[in-house]
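Results of the structural survey
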Amino acid sequence: MANPAFPRPDMPGPQPVAAAKVGGEAAERMPLLQTSGGEAGDRVFQSAITACGLAVLGVLVLIVYELVTRSSLSWHAFGFKFFAASDWDPVSEQFGALPFIYGTLVSSLVALVIAVPLSVGVAVFTTEMCPKMLRNPLSFFVELLAAIPSVIYGLWAIFVLVPLLSGYVQPFLAKTMGWTGLFSGPPYGIGMLAAGIILAIMIIPIISSITREVLMVVPQHQREAVLALGATRWEMIRVGVLRNARAGIVGGIILGLGRALGETMAVTMVIGNRPEIAKSLFAPGYTMASVLANEFSEATGDTYLSALVEIGLALFLVTIVVNALARVLVWTVTRGQPARGHA
Amino acid sequence: MPETTAAKTTAKTTVPPISLRRRITDRVMTGLAVLTVLLVLAPLVAIFGYLVYRGLGSLSWSFLTQTPKPVGEAGGGMANAIVGSLMILAIASIIGVPFGIGAGIYLAEFGRNRLGSTIRFTADVLNGVPSIVIGIVGYAIVVLYQHHFSALAGGAALAIMMVPTICRTTEEMLLLVPQALREAAYGLGVPRWRTTLSIVLRTATSGVITGIMLAFARIAGETAPLLFTTLGNQFWNLRYDQPTAALPLQIFVYANSPYEDWHRQAWAGSFVLIVLIVTSVAAVRYVVRRGSFGAA
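Residues numbered from 1 in each chain as written. Chains lettered and ligands numbered in written order. Predicted model: local features only at pLDDT ≥ 70, side-chain atom pairs only at ≥ 80, totals over all residues.

Quick look at the overall build of chain B
For clarity, the threshold we go by: Starting at the N terminus, helices and strands are each numbered in turn, a helix being any DSSP run of H or I of at least four residues and a strand any DSSP run of E of at least two. Only C-alpha atoms enter the radius of gyration, while the globule expectation follows 2.2 Å times N to the 0.38, with N the number of residues. Three exposure classes are used. Buried residues have 20 or more other C-beta atoms within 10 Å of their own C-beta, exposed residues have 12 or fewer, and partly exposed residues fall in between, all C-beta atoms being placed from the backbone. Residue pairs qualify as contacts under a 7 Å threshold applied to their C-beta atoms, which are placed from the backbone.
Assigned secondary structure in chain B consists of 12 helices and 0 strands. Secondary structure of chain B in N-to-C order comes out as α-α-α-α-α-α-α-α-α-α-α-α. The C-alpha radius of gyration of chain B comes to 26 Å, more than 25% above the 19 Å expected for a compact globule of 296 residues. Taking all 296 residues of chain B together, 46% fall into the buried category. Of all intrachain contacts in chain B linking residues separated by at least 6 positions in sequence, the fraction that spans at least 24 positions is 73%.

Digging into the overall build of chain A
Within chain A, the secondary structure is distributed over 11 helices and 2 strands. Each helix and strand of chain A, ordered N terminal to C terminal, gives the series α-α-β-β-α-α-α-α-α-α-α-α-α. Among the 343 residues that make up chain A, the fraction classed as buried is 44%. For chain A, long-range pairs separated by at least 24 residues make up 73% of all intrachain contacts whose partners lie at least 6 apart in sequence.

Digging into the environment of Gly301 of chain A
If you trace the backbone, Gly301 of chain A turns up in the loop between helix H10 (288–295) and helix H11 (302–334). Here the alpha-carbon distance between Gly301 of chain A and Pro90 of chain A, two residues 211 residues apart in the chain, equals 8.7 Å.

Considerations on the confidence of the model for chain A
All names here are of chain A. Just so we agree on the cut-off: Residue-level confidence of the predictor is summarised by pLDDT, bounded by 0 at the bottom and 100 at the top.
Per-chain confidence: chain A averages 85 in pLDDT, with 86% of residues scoring 70 or above. Under a pLDDT of 50 for its full length, residues 1–9 has, in the predicted model, 11 contacts with residues more than four places off or in other chains. Below a pLDDT of 50 lies the segment residues 337–343, which in the model reaches 8 contacts outside its immediate sequence neighbourhood of four places, other chains included.

Considerations on helix H5 (residues 114–128) of chain B
Three or four residues apart is the spacing at which side chains of an α-helix point the same way, because the helix has 3.6 residues per turn. For the record, the criterion: Each residue after the first adds 1.5 Å to the expected span of a helix.
Taking 1.5 Å per residue, 15 residues should reach 21 Å; H5 of chain B reaches 22 Å between its end C-alpha atoms and fits that length. Every buried residue of H5 of chain B is listed here: Ile119, Thr122, Ala123, Leu126 and Gly128 of chain B.

Digging into the interface of chain B and chain A
The condition is simple: Only Asp, Glu, Lys and Arg are considered charged in this grouping, and only Ala, Val, Leu, Ile, Met, Phe, Trp, Tyr, Cys and Pro are considered nonpolar; every other residue, Gly among them, is considered polar.
Between chain B and chain A, the contact holds 71 residues from the first and 74 residues from the second. Within the residue set of the side of chain B that touches chain A, elements represented by two or more residues are helix H2 (20–58), helix H4 (79–110), H5, helix H6 (131–146), helix H7 (151–176), helix H9 (192–203), helix H11 (247–255) and helix H12 (260–291) of chain B. Its residues assigned to classes, the side of chain B that touches chain A shows 51 nonpolar, 14 polar and 6 charged.

Considerations on H10 of chain A
Buried residues dominate H10 of chain A, accounting for 6 of its 8 residues. Where H10 of chain A is concerned, the buried positions are Met288, Ala289, Ser290, Val291, Leu292 and Ala293 of chain A. The inward-facing, buried residues of H10 of chain A contact helix H3 (98–129), helix H8 (233–262), helix H9 (265–270) and H11 of chain A together with H6 of chain B.

With respect to the packing of H3 of chain A against H8 of chain A
All names here are of chain A. Operational definition: Between N-to-C directions, angles span 0 to 180 degrees; the directions come from axes that are lines fitted to C-alpha atoms, helices contributing only their stretch in contact. Under this scheme an angle from 65 to 115 degrees is roughly perpendicular, one under 35 degrees roughly parallel, and one over 145 degrees roughly antiparallel; angles in between are oblique. For any helix crossing, the convention is left-handed if the near helix is rotated counterclockwise from the far helix by under a right angle, and right-handed if that rotation is clockwise.
Following both chains from N to C, one finds H3 and H8 inclined at 140°, their axes separated by 10 Å at the closest point. Classified by the angle between their axes, H3 and H8 sit oblique to one another. Crossing hand, H3 versus H8: right-handed. Of H8, the residues touching H3 (which contributes Thr104, Ser108, Ala111, Leu112, Ala115, Val116, Val120, Val124 and Glu128) are Ile237, Val241, Ile249, Ile253, Gly256, Leu257, Ala260 and Leu261.

Thoughts on the nonpolar core
Residues and elements named next belong to chain A. Put simply, the test is: Residues enter a nonpolar core if they are buried, belong to Ala, Val, Leu, Ile, Met, Phe, Trp, Tyr or Cys, and are joined to the set through C-beta atoms within 7 Å.
The biggest cluster of nonpolar side chains holds 180 residues, and the ones touching the most others in it are Ala157, Ala194, Ile198 and Val270. Among the elements that line this core, the one with the most residues is helix H6 (residues 192–216), at 18 residues. In this view, Ala157 contacts Val162, Ala194, Ile198, Ala266, Met269 and Val270; residues no more than four positions away in its chain are not counted.

Regarding unusual backbone geometry
A positive phi is found at Asn273 of chain A, a non-glycine position, where the angle reads about 55°. For Asn273 of chain A, the location among the structural elements is in the loop between H9 and H10. The phi torsion at His147 of chain B lies on the positive side, around 70°, for a residue other than glycine. Here His147 of chain B shows up in the loop between H6 and H7.

Overview of the environment of Ile277 of chain A
All names here are of chain A. With respect to the secondary-structure elements, Ile277 resides in the loop between H9 and H10. Counting along the chain gives 146 residues from Ile277 to Pro131, while the straight-line C-alpha distance between them is 47 Å. Look past the residues within four positions of Ile277 in its chain and what remains in contact with it is Ser86, Pro99 and Tyr102.

Examining the environment of Leu227 of chain A
Locating Leu227 of chain A in the fold gives a position in helix H7 (residues 220–228). Along the sequence, Leu227 of chain A and Ser139 of chain A sit 88 residues apart, while their C-alpha atoms lie 26 Å from each other.

So, the packing of H7 of chain B against helix H10 (residues 205–220) of chain B
Two quantities define a packed helix pair, namely the angle between the axes and the distance from one axis to the other. Residues and elements named next belong to chain B. Between H7 and H10, the least distance of the axes is 8 Å, while the angle of their chain directions is 155°. The pairing of H7 with H10 is recorded here as roughly antiparallel in orientation. As H7 packs across H10, the resulting crossing turns out to be right-handed. Between H7, through Leu158, Met161, Met162, Thr165, Ile166, Thr169, Thr170 and Met173, and H10, the contact on the second element is made entirely by Gly207, Val208, Thr210, Gly211, Ile212, Leu214, Ala215, Arg218 and Ile219. Here the contact of H7 with H10 is built from residues that sort into 10 nonpolar, 6 polar and 1 charged.

Examining the confidence of the model for chain B
All names here are of chain B. On average, residues of chain B score 87 in pLDDT, and 93% of them reach the 70 mark or higher. Contacts of residues 1–7 to residues separated by more than four positions or lying in other chains number 0 contacts, the stretch itself having pLDDT below 50. What the predictor reports for the complex is a pTM of 0.86 with an ipTM of 0.87.

What follows is the structure, given as structure tokens:
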């Protein structure tokens, strides 16, 4: 307490005559106590660190700026019609993004239809049903799916999934559910259905890990209360757990949707890349991300490039809205309770 | 015990037995949950199985040491793409890691204000931006100024993808360091910058490095941002300002080609890519665990 290097003028006691001198001596004795250089150092440090923080903001501003300025040409040429027209003709410089928007939405929707029940099932199984011993390895393996690069998913889809689809799954679907119109046409394998399935595999780890997190913050006494009323385990899960975690699960689903909308490589490799709007899921399609991947580096002409950047801008805005929505929903459930602590 | 007597009296007032329908529903639902787990694990097993089976089977010495042969000619390898990938990843890390850690320190130590929340939200938004859009930005800010495709452009695009992940994990890890440690340092008269760098950051080293590895693993397999930034190259290139081959790009091109030999090479390339990601993550974790006394 009575360190002469740190005079407290408001306290009684021996006050050093030359504080700076004593401080200097202390600094010589203890290397960490560089009191003299501290203030300037602090100022430099704080501004450097703040600059790093501002850089994050700057990057986002830069992204928005580049996308907006570089798409202005196409925006002025086509206006809102750009999103409603369906002809994509680089030669006559007519650009409409509807087929790509349709492809993105439909492939993501197919992915959600497949992925949601599976991911919620996995999350329920790992948190509520499986033996404690299996819990961690199981969630580890599911999350391992998220570590595989998307181009490897695409490779696997081309050589394993697509032949499987065209050889067995699509003929079967056409025979049993062909009357819906969703499963008709020649079974190429490549097309909207393949893209949806590969997307589903890619978003399952996201949805299931968030659902798991949300289920874990449901208080234990909720489960006990429902069980005490004589419920079976499934009734307990349905009434006591899933109902409480609804908003968070929806948040996880939307976060998965955000990922599916922007996914590029795997989809580009199996969707067929044809800008057409077809009702059948067997037909080839095209997504916003795929058209960028395929045509951006070969785009000739300013309007063409500008139209592509506008698709990028639209994709950017949609994913931001979707992600923000998801974060708010997850946050309303896990608020105040860091899920990490329960893991 | 009052509880047991209470339980006995309620038991006497006869709880109706659980009906058969409810019991069957319970069983069916349990069965369905197990089924979903099997359905989810099946593709995982299939993908890794094929990677090892086709990838390892197609791997050869020439694949690792030679550059691609001209179209239609069998043989050749991806040596230039492997080195190119390492180069692009190094550029991305050199740019992205310091900014990410710096921004994380800002959020943890100075970020309890409106600017802090804004940056936190921005980082989360950046995390959700599709990688292909980041590629457009890399093209716009580097390629258009240099007037040609380059490894630097790809590295810059990947760096943008690294920053939000590193930033948020660094913040989380620094906040785990007990406040008392900071107070102890201030009490000894250690200046704030020194406290943050040599005490707080040092304590959280292993957690911060885990965050860096997460970001690294995420960008190592990224293809979309490289398509129109590094473009790819059939030959050796070790210059930062020239078009460069990258492993994921090469896999993409070869997988879409009609040649059987290129398909085999795509599988081998995927295997090398996965091994590259896993070993780099494991190696860094091993070094960190041995070399420091970090928390977490």
